[in-house]
Amino acid sequence: MRPVLLAALLALAALPAAADKPRLPPNPVYKAECGSCHVAYPPRLLPASSWQLLMQRLDRHFGTDASLDAGAREEIGRYLAANAGRREPPPGVEPRITETRWFAKEHREVPAALWKGTAVKSAANCGACHRRADDGDYSERTLRLPK
Ligand code: HEC
Ligand code: HEC
């Protein structure tokens, strides 16, 4: 096959993946308030119903208190609702991205020992492997598994 044609085909094949990338539209309030203890998770990775549950009980947030004043809570709630994904919600009143079927499928090649290793500690610690997770970048280019 001619190189030019091959390159065009490869570019086409890469298109759907690129469109599906959870790019984080910038929201400074969300990033400041929800990105201080962990990365500000991409809104697209949970459906609106899950974000709503989570925002309703910020005082009991995964064993910690993540309460916000009414103004910030409203702004973040609106932002999450507008940018939420359409995937099946994970179980429970403390919905986790890491408990979605999508997450398990996308990460099935990660060796079990790595999740619990000292470098990662928790699957919720996206930045241990996705080195630019802080900027909402989860592309393969910036992925590096810890040793
Ligand atoms: C005071 C610290 C703190 C703040 C502030 C905070 N969180 Fe969390 N969050 C946590 C902890 C601790 C966990 C559990 C992490 C783990 O299991 O390793 C967590 C987990 C999560 C998870 C589940 C991650 C997974 O396993 O998929 C989501 C989603 C989440 N937080 C969203 C938010 C949102 C939205 C905000 C802002 C409204 C927020 N967090 C603010 C401490 C915080
Ligand atoms: C232990 C390392 C590790 C951790 C921690 C981790 N990931 Fe991943 N992630 C991977 C690997 C490996 C892949 C698969 C890359 C591939 O096959 O293209 C992946 C793929 C992805 C993809 C798909 C990327 C693409 O372009 O197709 C997304 C989105 C993603 N991870 C988000 C997250 C989020 C959000 C978190 C935290 C809640 C997280 N990951 C935690 C290793 C990790």
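In this report, we go over the structure that sits alongside the text. (Residues numbered from 1 in each chain as written. Chains lettered and ligands numbered in written order. Predicted model: local features only at pLDDT ≥ 70, side-chain atom pairs only at ≥ 80, totals over all residues. Heavy atoms only, no water.)

### Some points on the site of ligand 2
- Close to ligand 2 lie 22 residues; His107, Cys126, Cys129, His130 and Glu140 are nearest.
- A distance of 2.8 Å separates a nitrogen atom of ligand 2 from a polar atom in the side chain of histidine 107.
- The separation between an oxygen atom of ligand 2 and a polar side-chain atom of glutamate 140 is 3.1 Å.
- Mapped onto the shell around ligand 2, the elements with two or more residues apiece are helix H5 (101–106) and helix H6 (112–116).
- Per element, the largest residue contribution to the shell around ligand 2 is three residues, and it comes from H5.
- The residue makeup of the shell around ligand 2, split by class, is 15 nonpolar, four polar and three charged. (Near = heavy atom within 4 Å. Polar contact = N/O pair within 3.5 Å; in protein donor to acceptor, adjacent residues only side chain to side chain. Helix = DSSP H or I, 4+ residues; strand = E, 2+ residues; numbered from the N terminus. Nonpolar A, V, L, I, M, F, W, Y, C, P; charged D, E, K, R; others polar.)

### Points about the coordination of the iron atom of ligand 1
- Protein coordination of the iron atom of ligand 1 is provided by His38 (NE2) and His61 (NE2), with donor distances spanning 2.0 Å.
- Bound by six donor atoms, the iron atom of ligand 1 shows angles of 88 to 179 degrees at the metal and therefore octahedral coordination geometry. In this pair, histidine 38 is assigned in the loop between helix H2 (28–34) and helix H3 (48–56) and histidine 61 in the loop between H3 and helix H4 (70–83), connecting sequence segments 23 residues apart.
- Taking relative accessible area as the criterion, histidine 38 reaches 30% and is therefore assigned partly exposed. (Donors = N, O, S within 2.8 Å, 3.2 Å for Na, K, Ca; no water. Tetrahedral: all angles 85-135°; square planar, octahedral: opposite > 155°, others 65-115°. Buried < 20%, exposed > 50% of the residue type's maximum accessible area, 1.4 Å probe, protein only.)

### Some thoughts on the coordination of the iron atom of ligand 2
- Around the iron atom of ligand 2, the protein contributes the donor atoms His107 (NE2) and His130 (NE2), which lie 2.0 Å from the metal centre.
- Bound by six donor atoms, the iron atom of ligand 2 shows angles of 89 to 179 degrees at the metal and therefore octahedral coordination geometry. Of this pair, histidine 107 sits in the loop between H5 and H6 while histidine 130 is found in the segment after H6, placing the two residues 23 residues apart along the sequence.
- The buried category is assigned to histidine 107, whose relative accessible area is 16%.
- The exposure class of histidine 130 is buried, given its relative accessible area of 14%.

### Here we look at H4
- The first and last C-alpha atoms of H4 sit 20 Å apart over 14 residues, in line with the 20 Å expected at 1.5 Å per residue.
- Within the sequence span of H4, burial applies to Ala72, Ile76, Tyr79 and Leu80. Taken down its axis, H4 places every buried residue within 95 degrees of arc, on the same side. Across from the buried face of H4, at angles greater than 90 degrees, the exposed residues are Glu74, Arg78 and Ala82.
- Those residues of H4 that are buried lie in contact with H2 and H3. (Expected span 1.5 Å × (residues − 1). Arc of directions from axis to C-beta. Contact = heavy atoms within 4.5 Å.)

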